[in-house]
Amino acid sequence: MNKRTIRDLGDDQLRGRRALVRVDFNVPLDDAGAVSDDTRIRAAIPTIEALRARGARVILVSHLGRPKAKPEPEYSLAPVARHLARLMTGARVTFVASTNDAAAVAASQDHTGDVIVLENTRFLPGEEKNDTALAKALASLGDVFVNDAFGSAHRAHASTEGVAHHLRPAVAGLLMERELEYLGAALSNPGRPFVAVLGGAKISGKIDVIERLLPKVDRMLIGGAMACTFFKATGVETGRSLVEPDRVDMARELLQRGGGKLVLPTDARVAPSLDDASACREVARNAIPATMAMFDIGRRTEQAFGESIAAAKTVIWNGPMGVFETPPFDRGTNAVALALADATKRGATTIVGGGDSAAAVAALGLEAQMSHVSTGGGASLEFLEGKTLPGVAALDDK
Ligand code: ADP
Ligand code: MG
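As the structure is a prediction and not an experimental result, all values here were calculated from the model.

A. The arrangement of the overall build of the chain in detail. Helix and strand content of the chain: 14 helices and 15 strands. Compactness check: the chain gives a C-alpha radius of gyration of 23 Å against a globular reference of 21 Å for 398 residues, within 12% of the reference. Counting over 398 residues, the chain shows a buried share of 56%. Within the chain, contacts between residues separated by at least 24 positions form 73% of all contacts whose residues are at least 6 apart in sequence.

B. The site of ligand 1, seen in detail. Inspection of the region around ligand 1 gives 17 residues, with K206, M294, E325, D356 and S357 positioned closest. At a separation of 2.8 Å, an oxygen atom of ligand 1 approaches a polar backbone atom of D356. For ligand 1, the protein covers 81% of the area, taking 580 Å² as the surface of the free molecule. Among the elements of the structure, β12 (293-297) and α12 (355-363) are those that each provide at least two residues to the shell around ligand 1. At three residues, the largest contribution of residues to the shell around ligand 1 is made by α12. Considered class by class, the residues forming the shell around ligand 1 number six nonpolar, eight polar and three charged.

C. How the structure looks around the domain arrangement of the chain. Each assigned domain of the chain is listed here: domain 1 (6-177) and domain 2 (190-384). A C-alpha centroid distance of 36 Å is found between domain 1 and domain 2. Residue-level contacts link eight residues of domain 1 with nine residues of domain 2. Both faces considered, domain 1 and domain 2 share a buried interface measuring about 640 Å² in area, 63% of it formed by carbon and sulfur atoms. When the buried surface of domain 1 facing domain 2 is broken down by residue, R40, F150 and H154 rank first, second and third, together holding 67% of it. Here domain 1 is connected to domain 2 by one residue pair in polar contact (both at pLDDT 80 or more). For the side of domain 1 that touches domain 2, the element with the most residues is helix α1 (residues 39-53), which contributes three residues. Class assignment of the residues belonging to the side of domain 1 that touches domain 2 gives a composition of three nonpolar, three polar and two charged.

D. Looking closely at the state of the cysteines. What the rule picks out here adds up to zero disulfides. Its sulfur unpaired, C228 is 14 Å from the next cysteine sulfur, which belongs to C280. Overall, the relative accessible area of 0% leaves C228 in the buried class.

E. A look at the layout of surface pockets. Considering only enclosed or pocket space, the largest pocket measures out at about 910 Å³ in volume. The wall of the largest pocket is formed by 41 residues, among which T39, R40, S374, T375 and G376 lie closest to the centre. The set of elements that each furnish at least two residues to the lining of the largest pocket consists of α1, α6 (174-188), α12, β15 (372-373) and α13 (377-384). At six residues, the largest contribution of residues to the lining of the largest pocket is made by α1. The space that makes up the second largest pocket amounts to roughly 400 Å³. Lining the second largest pocket are 25 residues; nearest its centre among them are G200, A201, K202, P320 and G322. Going through the elements one at a time, β12 and α12 are the ones with two or more residues in the lining of the second largest pocket. By residue number, the principal contributor to the lining of the second largest pocket is β12, which donates four residues. Classifying every residue of the lining of the second largest pocket gives 11 nonpolar, nine polar and five charged.

F. Local environment of the pattern of salt bridges. Scanning all chains against the criterion turns up 25 salt bridges. With its nearest N and O atoms 3.8 Å apart, the salt bridge here joins D8 to K398. Of this pair, D8 sits in the segment before β1 (18-22) while K398 is found in the segment after α14 (390-393), placing the two residues 390 residues apart along the sequence. On the basis of relative accessibility, which here comes to 32%, the residue D8 falls in the partly exposed class. Each member of the salt-bridge network shares a partner with another, and the members are R269, E282, D296, R299 and E302.

G. Spotlight on helix α2 (residues 78-87). Restricting attention to buried positions, one finds in α2 the residues A78, P79, V80, A81, H83 and L84. Contacts from the buried residues of α2 go to α1, β2 (57-61), β3 (93-96) and β4 (115-118).

Quick notes on the rules
- Residues numbered from 1 in each chain as written.
- Chains lettered and ligands numbered in written order.
- Predicted model: local features only at pLDDT ≥ 70, side-chain atom pairs only at ≥ 80, totals over all residues.
- Heavy atoms only, no water.
- Helix = DSSP H or I, 4+ residues; strand = E, 2+ residues; numbered from the N terminus.
- Rg over C-alpha atoms; globule rule 2.2 N^0.38 Å.
- Buried < 20%, exposed > 50% of the residue type's maximum accessible area, 1.4 Å probe, protein only.
- Contact = heavy atoms within 4.5 Å.
- Near = heavy atom within 4 Å.
- Polar contact = N/O pair within 3.5 Å; in protein donor to acceptor, adjacent residues only side chain to side chain.
- Areas by Shrake-Rupley, 256 points an atom, 1.4 Å probe, with all protein chains shown as cover.
- Nonpolar A, V, L, I, M, F, W, Y, C, P; charged D, E, K, R; others polar.
- Domains from an automatic or database assignment.
- Buried area = accessible area lost by both parts, 1.4 Å probe.
- Disulfide = S-S within 2.5 Å.
- 1 Å grid on protein atoms, 1.4 Å probe; cavity = no way out; pocket = protein on both sides within 12 Å on 5 of 7 lines; lining within 4 Å.
- Points joined across faces, edges and corners; volume = space filled by probe spheres on them.
- Salt bridge = Lys/Arg side-chain N within 4 Å of Asp/Glu carboxyl O.

What follows is the structure in structure tokens.
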């Protein structure tokens, strides 16, 4: 990786110093206000531990949800700080109900707290505007800036991008490093065969990824509703399936350009509607009834995709194969997840990007059986599209 990380810092840059760490604590809360999925909190702990082990005091900043640039109690990071305290038994975790004022500065200089969690950065009007005054105020809270918030790196906000211009060194944390290494290596130097599995609802949201990956991959397996827009482009009946009419020409053009690389489903699970899952049938792709919609790939496709995945050395998966929220239309997605898990066992590098695909993998308990499950849905997509992530670009070069 061409960016400095906390590994590149000398001990003198950390011992007794304040590390301002931008983490991605944008986690779901339940109705009682408790953390309902702590994946992102756990993912930040290795960086926090590594900094503490080298004698640094850790000051954590993050956003949570979408408050409108003012304090909204339901988006307070207080429950997240409590949750972190339970996970990090060896450290004292203190919550400070401010972000950029005198109280925050005083807390950052107070030696009694091992780890400090500051209040939601999006309570401040300057955060999403990447306001210079806020970036400087945040910079005054640390002696070194560490960005470990891969999931927020595609946003140029004061706490992700602006602050790095006012606080050096500015380096990547261990999670950020891992994300960039896995995604970066897959794009620049993949083991072959290199297979991309793309799905999800809309081709329009994935078009840049398709464009970018198509020249690089050996095969691109297409599932999800996106497949239906490709079907339409080949002239077959798509019934009530989700098709994007304004993308049909583009799909046709991609099919031509992709040659044999683009692989469409050969069969489909269809039903009149999602409410009527008991009427689910499997049909060949050219036999989708006009009264029905495709909600998943069929079992022949599962098998064919499974064989391609089994033969691959690198697999990137983004987007579920069907409406995995509604069984039995989760089968195709589950089959792909299991195929990736098997491929990992056989030594392939398997990478899952995309919020819903990651959720499907987590629901199956298969996270540990993937080489890497990205914590950043939008950020991983933009990275795969080849876009510069502002939160990464602002960090120190090696
Ligand atoms: P990710 O978050 O992994 O990038 P997307 O957000 O692009 O994935 O797509 C996920 C959504 O796509 C899911 O809500 C799923 O229900 C929907 N979807 C997948 N296949 C179909 C289909 N055949 N018809 C309608 N919706 C679909
Ligand atoms: Mg999604």
